[in-house]
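Here's the letter readout for the chains.
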Amino acid sequence: MEPRQATYFEEFEVFSRKTKSSPVQYQFSLLAPNEDIAIMMAQENFMRREAVDDIWVVKRQDIRKMTADEKKTLQRMDNKDYRTTKGYGYLKKKWRKYEQEMLDEKEIMSWAGGVKDGE
């Protein structure tokens, strides 16, 4: 009877999405005899916790991870750091300072003809 118990339950990974536009997030693992029971167990779990728009149940054995050799293909061969915006973080602060210097009280009053330079 032990061989049947060892293969009777399968491991499933449960993912959910709170709204139609939100990203899919990993939630938890569960043991179930088949996909139908696994989805029912996942639904039961969420009915007690939080509202969700969609639930995905995937057999753990069907999830494939990249090998070390495959991960090497993700490394960039050329230097394209200029495509990232990490070097432009100071621009917002610089622009705010520029705007504050430009729109002082004299400047604004001069638009209505109220204050002239040197007064």
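For the structure itself, look to the data block above.
Computed from a predicted structure; not experimentally measured. (Residues numbered from 1 in each chain as written. Predicted model: local features only at pLDDT ≥ 70, side-chain atom pairs only at ≥ 80, totals over all residues. Heavy atoms only, no water.)

Asker: How should the side chain of Ser16 be read in this particular structure?
Answerer: Relative to the helices and strands, Ser16 resides in strand 1 (residues 10-17). At 2.9 Å, the side chain of Ser16 forms a polar contact with the side chain of Gln27. Filtering out sequence-adjacent residues up to four positions away, Ser16 remains in contact with Pro23, Val24, Gln25, Gln27, Phe46, Val52, Asp54 and Ile55. (Helix = DSSP H or I, 4+ residues; strand = E, 2+ residues; numbered from the N terminus. Polar contact = N/O pair within 3.5 Å; in protein donor to acceptor, adjacent residues only side chain to side chain. Contact = heavy atoms within 4.5 Å.)

Asker: Sorry, what's going on with the environment of Glu50 here?
Answerer: Checked against the element boundaries, Glu50 lands in the loop between helix 2 (35-49) and strand 3 (54-59). Remark: the alpha-carbon pair of Glu50 and Lys18, spanning 32 residues in sequence, is separated by 8.6 Å.

Asker: Looking at this structure, how should I read the sheet that holds strand 3?
Answerer: Sheet strands associate in pairs through backbone hydrogen bonding, adopting either a parallel or an antiparallel arrangement. Ordered by their spatial adjacency, three strands build an open sheet running 2-1-3, and the pairing between neighbours is antiparallel. The open sheet has two edge strands, strand 2 (25-32) and strand 3, and neither has a second partner. Averaged over all pairs of adjacent strands, the angle between strand axes in this sheet comes to 25°, irrespective of strand direction. In the sheet, strand 1 pairs with strand 3 via six bridges, with the strands oriented antiparallel. In the strand pairing of strand 3, Phe15 is matched with Trp56. Across the sheet, helix 2 is in contact with strand 1, strand 2 and strand 3; its angle to strand 2 comes to roughly 125°. (Pairing = 2+ DSSP bridges. Axes fitted to C-alpha atoms, helices over the stretch in contact; angles between N-to-C directions.)

Asker: How should helix 2 be read in this particular structure?
Answerer: The α-helix advances 3.6 residues per turn, and as a result positions three or four apart in sequence lie on the same side. Here helix 2 is 15 residues long and its end C-alpha atoms lie 21 Å apart, about the 21 Å a rise of 1.5 Å per residue gives. Residues of helix 2 that are buried in the fold lie against strand 1, strand 2 and strand 3. The opening residue of helix 2 is Asn34, an N-cap whose side-chain oxygen sits 3.1 Å from the backbone nitrogen of Asp36. (Expected span 1.5 Å × (residues − 1).)

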